[in-house]
Amino acid sequence: MFYSIYCTDVPESLPLRKSAREQHLARLNALKQEGRLLLAGPFPVVDSPDPGTAGFSGSLIIAEFDALRAAQEWAEQDPYVVAGVYAEVEVKPFLKVLP
């Protein structure tokens, strides 16, 4: 089943994001290679594909896991969580309807 992992950044998270980005992307790429990643990306603070120093306000990951607990455990181990990027992480079941 798919699960959404909705993350809200702490204020001024950009330096923390930069410090853990490589490890964060490596985990996402592993999900992608396993065919389990539906989508992933950040929420820019400003209406721009390149927010520059304005940074990001959070992230959304939708990926396939065996159970809610597995998705929660995966999210808890994310390098952005370890680095303190996220103030809050919410994991919920997600049903893909379209496309």
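None of these values were measured; they are calculated from a predicted model. (Residues numbered from 1 in each chain as written. Predicted model: local features only at pLDDT ≥ 70, side-chain atom pairs only at ≥ 80, totals over all residues. Heavy atoms only, no water.)

Student: Looking at this model, I keep getting lost on the side chain of Arg-27. Mind explaining?
Tutor: In this fold, Arg-27 is placed in helix α1 (residues 14–33). With relative accessibility at 17%, the residue Arg-27 sits in the buried group. For Arg-27, the side chain forms a polar contact with the main-chain oxygen of Trp-74, separated by 3.1 Å. In contact with Arg-27, not counting residues within four places along its chain, are Trp-74, Gln-77, Asp-78 and Pro-79. (Helix = DSSP H or I, 4+ residues; strand = E, 2+ residues; numbered from the N terminus. Buried < 20%, exposed > 50% of the residue type's maximum accessible area, 1.4 Å probe, protein only. Polar contact = N/O pair within 3.5 Å; in protein donor to acceptor, adjacent residues only side chain to side chain. Contact = heavy atoms within 4.5 Å.)

Student: I would appreciate a short explanation of the packing of aromatic side chains in the present structure.
Tutor: Any two aromatic rings considered together are summarised by their centre-to-centre distance and by the angle between their planes. Applying the stated criterion across every chain, the model contains 4 aromatic pairs. Through a chain of ring-to-ring contacts, three or more aromatic side chains come together here, namely Tyr-3, Phe-65 and Trp-74. Over the face of the ring belonging to Trp-74 we find Arg-27, whose NZ or CZ atom lies 4.1 Å from the ring centre. (Phe/Tyr/Trp six-rings, centres within 6.5 Å; stacked < 30°, edge-to-face > 60°. Lys NZ or Arg CZ within 6 Å of the ring centre and 35° of its normal.)

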